[in-house]
Amino acid sequence: MTGEGGEVVTFDNVGLRYGADREILSDVSFTLHPGGFYFLTGASGAGKTSMLKLLYLAQRPSRGAIRMFGTDVITLPRERLPLFRRRLGVVFQDFRLVSHLSAFDNVALPLRVSGVRESELRQPVTDMLEWVGLAHRIDARPATLSGGEQQRVAIARAVIGRPDMLVADEPTGNVDPDMALKLLRLFEALNRLGTTVVVATHDVHLLRKVPDSLIMRLDKGRLSDPTGALRFPPRREARRLSEEDFA
Ligand SMILES: Nc1ncnc2c1ncn2[C@@H]1O[C@H](COP(=O)(O)OP(=O)(O)OP(=O)(O)O)[C@@H](O)[C@H]1O
């Protein structure tokens, strides 16, 4: 499930530049441990989104090494990447739901893509929507949902495949402070079930809301480590999510 030493992800001297421009990320090294709750913070333009793209394998670095679940993902043949992506859940600030599909069908999407039979997906999708508090909105299209409801559908979709790691890029950026806290509680609940969570945010108030979280700070593409995120493994142990967790 993880690397030989149990790590989820290790970055070693990673650098990223887009085209011939200056480096956006420089000398980035860290290890994410199973069961950790990590915040990635930093000013606008510091490189948070770029770093998350490396984490969810949407971008390759210009230099350095990245290992995920014990495998070097940089030299991995492109056709093997989808297998790794299935172990990751991703949540975006702008939700990215499919507008013509219902909440149910949005959450069912990853299961359908991986070939789960229709008769086997109704229950887990319904349980998941219930878990995020949206059982009553199961047939609603995204346009008829509030921002917070859309984000909860997006979170349900990101975790229906029971990922080992959840990566969220400014997930509370488009919701009010009350809903931001509620979303954070969902991430915490997932984390308690064993999923490694990485949340990028520039909202420093959020950082204080998760007591056991570890904070990584980016400053002009370089990483600093105010809570020892890069040195200390978290206290919680990780395990894979199971269906009962959402029943
Ligand atoms: N595809 C791209 N091509 C060229 N430059 C890019 C690209 N994506 C991002 N950048 C540049 O990389 C730098 C870091 O951007 P990034 O979006 O990673 O930062 P961020 O910390 O997430 O910022 P914000 O909080 O404003 O979203 C910025 O200077 C940005 O203009």
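In what follows, the structure referred to is the one given above.
Everything numeric in this text was worked out from a predicted model, so none of it was measured.

What counts and what doesn't
- Residue indices begin from 1 for each chain and proceed along its sequence in written order.
- Side-chain atom pairs in this predicted model are given and counted only at pLDDT of 80 or more, local residue features only at pLDDT of at least 70, and totals for whole chains, interfaces and linings cover all residues.
- As a rule here, side-chain values cover all heavy atoms of the structure and leave hydrogens and water aside.
- Buried Ala, Val, Leu, Ile, Met, Phe, Trp, Tyr and Cys residues that are joined via side-chain atoms within 4.5 Å together make up what is termed a nonpolar core.
- The cut-offs for exposure are 20% and 50% of the maximum accessible area for each residue type, with area from a 1.4 Å probe on protein chains only; residues under the lower value are buried, those over the upper are exposed, and the others partly exposed.
- Secondary structure elements are defined from DSSP: runs of H or I of at least 4 residues count as helices, runs of E of at least 2 residues count as strands, and each element is numbered from the N terminus.
- Whether two residues touch is decided by their heavy atoms; if any such pair falls within 4.5 Å, the residues are in contact.
- Strands pair, by our definition, only if DSSP identifies at least two bridges between them.
- Working definition: residue near molecule or strand if any one of its non-hydrogen atoms lies within 4 Å of it.
- Nitrogen and oxygen atoms within 3.5 Å of one another constitute a polar contact, given that in protein one can donate a hydrogen and the other can accept it, and given that sequence-neighbouring residues count only through two side-chain atoms.
- What sets the accessible areas is the Shrake-Rupley method with a 1.4 Å probe; for residues, cover comes only from the shown protein chains.
- Helix span, expected: 1.5 Å multiplied by one less than the number of residues in the helix.
- Within this document, salt bridges are pairs made up of a side-chain nitrogen of Lys or Arg and a carboxyl oxygen of Asp or Glu, the two lying within 4 Å of each other.
- Axis lines are fitted to C-alpha atoms, over the contacting stretch for helices. Their N-to-C directions set the angle, which ranges from 0 to 180 degrees.

Asker: What am I meant to see in the nonpolar core here?
Answerer: General note: in soluble globular proteins, nonpolar side chains tend to be found buried as a group. In this structure, Phe37, Phe39, Val107, Val125, Leu129, Val153 and Phe187 are the most contacted members of the largest nonpolar core, which totals 42 residues. With 7 residues, the top contributor of residues to this core is helix α6 (residues 177-192). With residues up to four places along the chain from it excluded, the contact list for Val153 reads Leu97, Ala103, Asn106, Val107, Leu129, Leu134 and Leu145. Listed in part, the 37 residues of the second largest apolar core include Leu32, Ala46, Ile66 and Met68.

Asker: Could you clarify how one ought to interpret the pairing of strand β4 (residues 63-68) in this entry?
Answerer: Looking along a regular strand, one sees the side chains alternate between the two faces of the sheet. Direction of pairing for strand β1 (residues 9-17) relative to β4: antiparallel, over a ladder of 5 bridges. The residue bridging Thr10 from the neighbouring strand is Arg67, located in β4. Linking two consecutive strands that pair antiparallel, namely β4 and strand β5 (residues 71-72), is a turn of 2 residues; a positive phi of about 50° is found at Phe69 within it.

Asker: Can you help me understand the site of the ligand in this one?
Answerer: Neighbouring the ligand are the residues Tyr18, Arg22, Ile24, Ala43, Ser44, Gly45, Ala46, Gly47, Lys48, Thr49 and Ser50. A distance of 2.8 Å is found between an oxygen atom of the ligand and a backbone nitrogen or oxygen belonging to Thr49. Ser50 is positioned with one of its side-chain polar atoms (N or O) 2.6 Å from an oxygen atom of the ligand. Burial of the ligand by the surrounding chains reaches 59%, relative to a free accessible area of 630 Å².

Asker: Help me understand helix α1 (residues 48-55), please; the structure alone is not making it clear to me.
Answerer: One full turn of an α-helix is made of 3.6 residues, so residues set three or four places apart face in the same direction. With 6 of its 8 residues buried, α1 lies for the most part within the structure. A positive phi of about 65° marks Leu57, the residue just after α1.

Asker: Help me understand unusual backbone geometry, please; the structure alone is not making it clear to me.
Answerer: Both trends apply: most residues other than glycine have a negative phi, and most peptide bonds are in trans. With phi around 65°, Phe95 is a residue other than glycine that occupies positive phi space. Its place among the elements puts Phe95 in the loop between β6 (88-92) and α3 (103-113). Residue Arg162 is not a glycine yet carries a positive backbone phi of 50°. With respect to the helices, strands and loops of the structure, Arg162 is situated in the loop between α5 (147-159) and β7 (165-169).

Asker: What is the right way to look at the sheet that holds β1 in this model?
Answerer: Adjacent strands of a sheet form backbone hydrogen bonds with each other and so pair up, either parallel or antiparallel. Taking strand neighbours across the sheet as the criterion, the 4 strands line up as β2-β1-β4-β5 in an open arrangement whose pairing is antiparallel. The outermost strands of the open sheet, each flanked by one partner alone, are β2 (23-32) and β5.

Asker: Looking at this structure, I do not really get the environment of Val73. What am I missing?
Answerer: Relative to the helices and strands, Val73 resides in the loop between β5 and α2 (81-85). In sequence terms Val73 and Asn106 are 33 residues apart; their C-alpha atoms lie 28 Å from each other. Once you skip the residues sitting within four places of it in the chain, Val73 turns out to touch Leu57, Arg60, Ile66, Met68, Leu81 and Phe84.

Asker: For this particular structure, what's the right way to read α5?
Answerer: Spanning 13 residues, α5 covers 18 Å between terminal C-alpha atoms, matching the ideal 18 Å at 1.5 Å per step. Taken across its 13 residues, α5 has 12 buried, putting it largely inside the fold. Along α5, the residues that are buried comprise Gly148, Glu149, Gln150, Gln151, Arg152, Val153, Ala154, Ile155, Ala156, Arg157, Ala158 and Val159. On its buried face, α5 is in contact with β6, α3, α4 (118-131), β7 and α6.

Asker: Would you take a moment to explain the pattern of salt bridges for this structure?
Answerer: One side chain can pair with another of opposite charge once the charged atoms of both are near each other. As enumerated under the stated definition, the model contains 9 salt bridges in all. For Glu23, the salt bridge is made with Arg63, and the minimal N-O distance between the two is 2.7 Å. Taken together, the positions of Glu23 in strand β2 and Arg63 in strand β4 put the pair 40 residues apart, joining distant regions of the chain. Judged by relative accessible area, Arg63 falls into the partly exposed class, the value being 31%. In this structure, Arg117 and Glu120 form a salt bridge, with 3.1 Å as the shortest nitrogen-oxygen distance.

Asker: Help me understand the sheet that holds strand β8 (residues 196-200) in this model?
Answerer: Pairing is mixed across the open sheet formed by 6 strands, whose spatial order is β6-β7-β8-β3-β9-β10. Of all the strands in the sheet, just β6 and β10 (222-224) have a single pairing partner and so form its edges. When strand polarity is set aside, the average angle formed by the axes of neighbouring strands in this sheet is 20°. Examined bridge by bridge, strand β3 (residues 37-41) and strand β9 (residues 214-219) share 4 bridges and lie parallel to one another. Bridge pairing links Thr41 to Arg217 in β9. In the packing of α5 onto the sheet, contacts are made with β6 and β7, and the angle to β6 comes to roughly 165°.

All we've got here are geometric facts, nothing functional implied.
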